[in-house]
Each structure stands twice: as structure tokens, then as C-alpha cells.
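# Fold and contact review
Read off the chains here:
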Amino acid sequence: MAASPSTARAINDRLALRLLQREGPLTAGQLKQLTGLSRPTVADLVERLTAAGLIEVAGEARAQRRGPNAKLYGIVAGRAHLAALDVRTEGVAVVVSDLVGGVLAEASLPITDDVGTGPAVEQAVALVERTAKEAGADRLHTVGIGAPGLIDPASGELRDSTSLPEWHRRLVAALQERLPEARVSVENETNLAALAEQRDGAARDRDTFVLLWLGHGTGAAVILDGTLRRGASGGTGEIGFLPVPGTRGLPSATDCAGGFHSLVGAEAVARLASEHGVAAGPGAESEAAGAVRAAVAAARPGAAEEGFLDVLADRTAVGVASVVALLDPGCVVLGGEVGQAGGEALAARVHERLTAMSPLPVDVRPSTLGGGAVLRGALLTARDRAQDELFGTPGH
């Protein structure tokens, strides 16, 4: 059945807006070429989107060329302001952007263990408000939050966890209360990192891959056929609880000690480095990541650093092999601060071990976004949600 005129207009408007978001400012002629629409239809949608305040003239295609065909149209970036948060056990980082994702202001704040839940929440909310003010944002349209822990797929809320600070769960509600006009949502940090790697990082050429997060925590995010998979309870990728050989026991329902996390978590990596006499350099981001980075820089055959990286690769490959056997993703990205610090050197070692362990081909790559992947993923999802809402308006 043919679409109604209003539905057809909405589809055309959305197509044009997506092109402008992806390609940047375009002329009416370029929109005609990229959409395949007729010249009158493009002229109508340009007029409609301009009247709706969603696009504006952003310049001219060539300085020497004049006339309506030379006008470049772009999304009105100031139509909405967005915020993205990366919430960690030790603090929070915030970015405020315009509607197309251009960063206007950013800030971070450490929040130590001795700060109470109420003061911690207040400090984090105040940081968001200050950063928004610095960005010139009178109000925030959408706020995306990345946090460790499980997200309830039914409610979209961060679930209770004895291993995470209470202020994490309280923060979402506090932000919604202080920013009543904003759409506030939370997503697992590893999932957001994977979405960022898919859009802007190491997995841009992959519709199916797994991101293995190696850092303070251990987790995995699964992208299958271009879609993030969360599982029935939101627990897809809780690989830290995976029972593996080489640990002193088994994980429990409330503690991943004894699971894969005991092999590759930051504390385990720091201990392994100490056993091999490898120390982090000055100013390292963490003891574990600093030791891995120092080992990569100094590794040579027979050296302690080489042995440290080999054992770390052995441990990492145990978990990755399980993922490969179950999902056959074809690509695994090593993320988190340890994965980033290991770079190509660690990825190559893990790939070598997987080739010997599994008949399934898999490409092992280091993250290209590193520690900024969570914040980038939170910003991308906030931008998508805001655009989904705003871009649906003109055609109706």
C-alpha cells in the first residue's frame, strides 16, 4: 500500500536530516543526488525543515558561485543541547554538546570512597549543571549516562549491586529531578564503549563483533548483525563471572572472584606485573595499565616484560576463546585501559593464541578510542535519541 502524502514527507524529511547529520552541510542539488528525490520535492523539504527550525543556511558551496543552488544547508546545532556522563567508581566525567555532537564544554570530578551517598550525588549533579552553564545551555534536552553494572531491560534502571557505590543508582533519579525537562537514560559502560567503537573506532567495518573490556572491571559487549544484545536480564557480557581454569575457586552470584575477572582484572594484572618485576611509569593512568604500557615499550625476547605480556595474553585468550566458541563474532576488540595500553602488541599475542586454540577465524584488535569510548558512546546515544524525537516533527 502506498504511503500517504504526510508519511512520505516524514520519510523524506528524516532521510534528508540523516544525510545532513552524517555528511555535514549540503546543497539542495547534493540532497537531490543523494536522496534520489525530484528537485521540487527537495525544495519543499528544505523549506519545510527550515520553517521547522531544524536546518539553516550554513554557507555557500563555492565563494565564486551565487544563487539558491549554491546555498549549503546544515542542521541547526543549537536547537538542542545534550549531556553525556561517564560514571566510574572513583568519579564522573561530563561532556555537553550541541545537537550534532559538537563538544561545547567538558569537565571531570573525582569522588572518593569516603564521600557519603548524598554528597556524592550532589557533587555529580552540580558538575553537570556547571558544565551545561559553561556550554551556554539554558536547558538540556537529553542526558546519556554510562555506568558499570547491570541495566534492567524492563525498567531501564541500574540494578542494585553490592560491588558498586550507592550514589550511582541515586544519580539517575537526582538528575531527572533537577533537570525535569531532560530525557535521562543510563546504559552499561561496556555497551556504550562498543557502540562508540562500532561508529567511530576499531569496529567501523564490522556488523558483528565483541568488545572485551579490560580495566578496573571486566566485561564484554556483544554486537550481532549491527545490534547491541543485552540478554533477557540485561546481563549479556558479564564475562567476569565466567568460570575459568587458573583461579583459586569459583565465582558466586554476588562476587566474580574466582571467575575470569580474577585473571585479567586490574588488580590481577598489577599483581602479575609485580611478579615479573614490571613497574608502571610515572604519571600512569593506573598501576595495571601503566605496567602494560611500560612492558610494551620495553619488551624484547627473553626480557621480563616479554614474559609478563605473554602470560597476560594467555589469560586473556582463555576468556576470548569462550566468547569465540559461543558466538563466532569474527572480531574481538580489546578495550578498557588495559586493552588500550596493550595495543597491537597484546592484540597480536591474543590472536596468536586463539589461532592455536580455536578453528574459528577471529580478528583481534585494540581499541582506538581507549578510555574515551564510554563518554563517546554516551554522547552518541544521547544525540541519536534527541534527533529521533526532533527529526520526527516536520513531516507530521
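Reference entry: report on the structure contained in this document. No experiment lies behind these values; they were computed from the predicted model shown.

Moving on, we get to the sheet that holds strand 6 (residues 142-147). The five strands lie next to each other as 5-4-3-6-7, forming an open sheet whose pairing is mixed. The open sheet has two free edges, formed respectively by strand 5 (103-110) and strand 7 (183-188), since each of these has just one partner strand. Strand-to-strand twist of the sheet, defined as the mean angle between neighbouring strand axes without regard to direction, takes the value 15°. Across six bridges, strand 6 lies against strand 7 in parallel orientation. Residue pairing in the sheet places G146 in a bridge with E187 of strand 7. Against the sheet, helix 5 (residues 166-178) contacts strand 3 (81-88), strand 4 (91-98), strand 6 and strand 7, and its axis sits at roughly 165° relative to strand 3. On top of the sheet, helix 6 (residues 189-200) reaches strand 3, strand 6 and strand 7; it is set at about 95° to strand 7, its chief contact.

What follows concerns the pattern of salt bridges. This model, assessed by the stated rule, comprises 21 salt bridges. Two residues, R88 and D86, come together in a salt bridge whose shortest N-O distance is 2.8 Å. Given the relative accessible area of 18%, R88 is considered buried. Of the charged contacts in the structure, one is a salt bridge between R365 and D363, with a shortest N-O distance of 2.7 Å.

In this structure the tally under the stated criterion is one cavity of 30 Å³ or more. Reported here for the largest cavity is a volume of approximately 30 Å³. Around the largest cavity sit V210, L212, A220, I239, V320, V323 and V332, which together line it. Secondary structure elements with two or more residues in the lining of the largest cavity: strand 8 (209-214) and helix 10 (304-327). When grouped by side-chain class, the residues that make up the lining of the largest cavity number seven nonpolar, no polar and no charged.

So, how was this worked out
Residues numbered from 1 in each chain as written. Predicted model: local features only at pLDDT ≥ 70, side-chain atom pairs only at ≥ 80, totals over all residues. Heavy atoms only, no water. Pairing = 2+ DSSP bridges. Helix = DSSP H or I, 4+ residues; strand = E, 2+ residues; numbered from the N terminus. Axes fitted to C-alpha atoms, helices over the stretch in contact; angles between N-to-C directions. Contact = heavy atoms within 4.5 Å. Salt bridge = Lys/Arg side-chain N within 4 Å of Asp/Glu carboxyl O. Buried < 20%, exposed > 50% of the residue type's maximum accessible area, 1.4 Å probe, protein only. 1 Å grid on protein atoms, 1.4 Å probe; cavity = no way out; pocket = protein on both sides within 12 Å on 5 of 7 lines; lining within 4 Å. Points joined across faces, edges and corners; volume = space filled by probe spheres on them. Nonpolar A, V, L, I, M, F, W, Y, C, P; charged D, E, K, R; others polar.

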